[in-house]
Amino acid sequence: RPCARRLDAATGTRVIGNAVSAVARTVTGRVKSTLARLIPGARDGEPSSSSAAPLTDLREESPATAHTGAQPKRKVVRKVKKGTGAMTEAEKKAEAPAADGDGAAKAKKDKGPIGYHYWHQQANQGTAPKAAPVKLSEEEADKLAKQMSGGVGLSSWNQAGTWEERGHTDWAKARVEEIVVGKTVDVRGGGVAVVKEVKTFKGDATVVMVRGKPRHGFDFDVTLAWECTFEGDGEDVKPVKGTVHIPEASRDTVDDDEVEYTVKVEDRKTDRRSQEDAAYDALKGGLRTFLRETFGTIDKELLARANGGA
């Protein structure tokens, strides 16, 4: 029995092999016949004289369809047409570079002019007047400025009324000098003290626009220089000199009437002690009201500037 089983297995293997060989021969024959119909000379192994192969559908049969005779499935094979090497006149012109180097200009000219100036010229045919500047009158300029401004005291760019800060320090310094320089105070003993100059001026004055509303403020540290002369002093007698220092001048100190300051006498001399003391006392008591009014004026005028007064 073992020998019989081995014999049957070997016989079955040969049968299957013969069947596969038969199917392969059938498929090969059909492929050759198909190629022979499509490509002349393919049966004898000769190359085709045609230099181009058209787009073709080839039928491929499986062993199952060859054996049963069923309709084979279609498999489309797309073959790209190969050129013969000859170029058409259009292709030569497309690939050839411009001989005179003006290919881009020529292409632009062929495309045609485009743009605002072209269409403007076409629409008016050259009859439209050229643009020329026109000077506005004062009334028109004021009206335009009001339209561009977002509110009183705002810049033209700040029409929304957002945060904006403007400095007025230079104006404040000039205004303080204008008020205080030349101020005189009588001194006992026939003397007169005069504020000669603003020696130092520190701090700033600003106007801040918040949501379209102005808020002004200032804070100064000021030093004034003064001189005092007395009746009967000869030309060779030097005047008594000194300074008045205001460490803080602001809206708060003005409102609270607390503009504090100190008086200092420079180059004290023993023989003129009485005159120096008299000048000191006169300035110490005689400038308080004046300084409060001075910085009160600065406060009012700065508010006016904040509201667009200047």
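Look above for the structure.
All of the points below concern the structure found in this document. (Residues numbered from 1 in each chain as written. Predicted model: local features only at pLDDT ≥ 70, side-chain atom pairs only at ≥ 80, totals over all residues. Heavy atoms only, no water.)

Topic: the overall build of the protein chain
Note the following rule: Secondary structure elements follow DSSP: runs of H or I no shorter than four residues count as helices, runs of E no shorter than two count as strands, and numbering proceeds from the N terminus. Throughout this description, buried means an accessible area under 20% of the type-specific maximum (1.4 Å probe, protein chains only), exposed means over 50%, and partly exposed covers the range between. By definition, residues are in contact when any of their heavy atoms lie within 4.5 Å. Methods summary: accessible areas were calculated by the Shrake-Rupley approach with a probe of 1.4 Å, and residue burial reflects only the protein chains presented.
Helix and strand counts for the protein chain come out as ten helices and eight strands. By the burial criterion, 23% of the 310 residues in the protein chain qualify as buried. For the protein chain, the share of sequence-separated contacts (at least 6 apart) that also reach a separation of at least 24 residues comes to 57%. Of the roughly 22800 Å² that the protein chain leaves accessible, carbon and sulfur atoms contribute 52%.

Looking at the packing of aromatic side chains
To describe a pair of aromatic rings, one takes the distance between the centres and the angle between the planes. Selection rule: Put simply, two rings from Phe, Tyr or Trp (the six-membered ring, in Trp's case) pair if the centres are within 6.5 Å, and we call them stacked under 30 degrees between planes, edge-to-face over 60, tilted for the rest. Charge-over-ring contacts are defined here by two conditions on Lys NZ or Arg CZ: a distance within 6 Å of the ring centre and an angle within 35 degrees of the ring normal.
Evaluation of the coordinates by the stated rule reveals three aromatic pairs. For the pair phenylalanine 201 and phenylalanine 220, a centre-to-centre distance of 4.7 Å together with 45° between the ring planes defines the contact as tilted. Placement of phenylalanine 201 in strand E5 (residues 191–210) and of phenylalanine 220 in strand E6 (residues 213–230) is noted, with a sequence separation of 19 residues between them. Summarising the burial analysis for this pair, phenylalanine 201 and phenylalanine 220 share the class buried. With centroids separated by 5.2 Å and ring planes inclined at 25°, the aromatic side chains of phenylalanine 218 and phenylalanine 220 adopt a geometry described as stacked. The same class applies to phenylalanine 218 as to phenylalanine 220, namely buried. An aromatic cluster of three or more residues is present, and its members are Phe201, Phe218, Phe220 and Phe295. Over the ring of tyrosine 261 we find lysine 284; its NZ or CZ atom is 5.4 Å from the centre of that ring.

Topic: the nonpolar core
Under the convention used in this document: To define a nonpolar core, start from buried Ala, Val, Leu, Ile, Met, Phe, Trp, Tyr and Cys residues and group those joined through side-chain atoms within 4.5 Å.
In terms of nonpolar packing, the biggest core is built from 40 residues, with Phe220, Leu224, Trp226, Ile246 and Phe295 touching the most fellow members. For this core, the secondary-structure elements that each account for two or more residues are helix H7 (169–180), strand E4 (184–187), E5, E6, strand E7 (240–250), strand E8 (262–266), helix H9 (273–286) and helix H10 (288–306). Apart from residues no more than four positions distant in its own chain, phenylalanine 220 is found in contact with Ala172, Phe201, Lys202, Gly203, Asp204, Ala205, Ile246, Pro247, Glu248, Ala249, Phe295 and Ile298.

Describing H7
Side chains of residues three or four places apart in an α-helix project in the same direction, reflecting 3.6 residues per turn. Cut-off, in case you're wondering: Residue count minus one, scaled by 1.5 Å, sets the expected span of a helix. The arc in question is the one spanned by the directions pointing from the helix axis to the C-beta atoms.
An ideal rise of 1.5 Å per residue puts 16 Å on twelve residues; H7 measures up with 16 Å between its terminal C-alpha atoms. Those residues of H7 that sit buried are Trp171, Ala172, Arg175, Val176 and Val180. Looking straight down H7, one finds its buried side chains confined to an arc of 140°; they lie on one side. Exposed residues lying more than 90 degrees from the buried face of H7 are Asp170 and Glu178. Lining the buried residues of H7 we find E5, E6 and H10. Of the residues flanking the end of H7, it is glycine 182, one or two places downstream, whose phi is positive at about 100°.

Brief notes about the pattern of salt bridges
So the rule is basically this: When a carboxyl oxygen of Asp or Glu lies within 4 Å of a side-chain nitrogen of Lys or Arg, that pair is called a salt bridge.
Summed over the entire model, instances satisfying the criterion amount to eleven salt bridges. Taking the shortest distance from any N to any O, the salt bridge between aspartate 281 and arginine 188 comes out at 3.4 Å. Here aspartate 281 is found in helix H9, whereas its partner arginine 188 is found in the loop between E4 and E5, with 93 residues between them in sequence. Judged by relative accessible area, aspartate 281 falls into the partly exposed class, the value being 41%. The closest approach of N and O atoms between arginine 268 and glutamate 276, which form a salt bridge, is 3.3 Å. Residue arginine 268 is classed as partly exposed on the basis of its relative accessible area of 41%. Linked by salt bridges that have partners in common, Arg175, Glu178 and Glu301 make up one network.

Details of unusual backbone geometry
In this model, aspartate 257 sits at a positive phi of 55°, which is unusual for a non-glycine residue. Relative to the helices and strands, aspartate 257 resides in the loop between helix H8 (251–255) and E8. Phi angles above zero are rare outside glycine, and aspartate 267 is one such case at about 50°. Along the chain, aspartate 267 falls in the loop between E8 and H9. Accessibility expressed as a relative area gives 68% for aspartate 267, which makes it exposed.

With respect to the packing of H7 against H10
To keep things clear, this is the line we draw: Where helices are involved, their axes are fitted lines through C-alpha atoms of the stretch in contact, as for all axes, and angles between N-to-C directions lie from 0 to 180°. Put simply, a crossing is left-handed when the front helix is turned counterclockwise from the back one by less than a right angle, and right-handed when it is turned clockwise. Side-chain classes follow a simple rule in which Ala, Val, Leu, Ile, Met, Phe, Trp, Tyr, Cys and Pro form the nonpolar group, Asp, Glu, Lys and Arg form the charged group, and the remainder, Gly included, forms the polar group.
At a closest axis distance of 11 Å, the pairing of H7 and H10 adopts a crossing angle of 140°. Judged by the sense of rotation from one axis to the other, the crossing of H7 with H10 is right-handed. Where H7 abuts H10, its residues Trp171, Ala172, Arg175, Val176, Ile179 and Val180 lie against Phe290, Thr294, Phe295, Thr297, Ile298, Glu301, Leu302 and Arg305. Looking at the contact of H7 with H10, its residues break down into nine nonpolar, two polar and three charged.

Observations concerning the environment of alanine 172
Note that alanine 172 resides in helix H7. Given the relative accessible area of 0%, alanine 172 is considered buried. Sequence separation between alanine 172 and isoleucine 298 is 126 residues; the distance between their C-alpha atoms is 7.0 Å. Setting aside residues no more than four positions away along its own chain, alanine 172 makes contact with Phe201, Ala205, Phe220 and Ile298.

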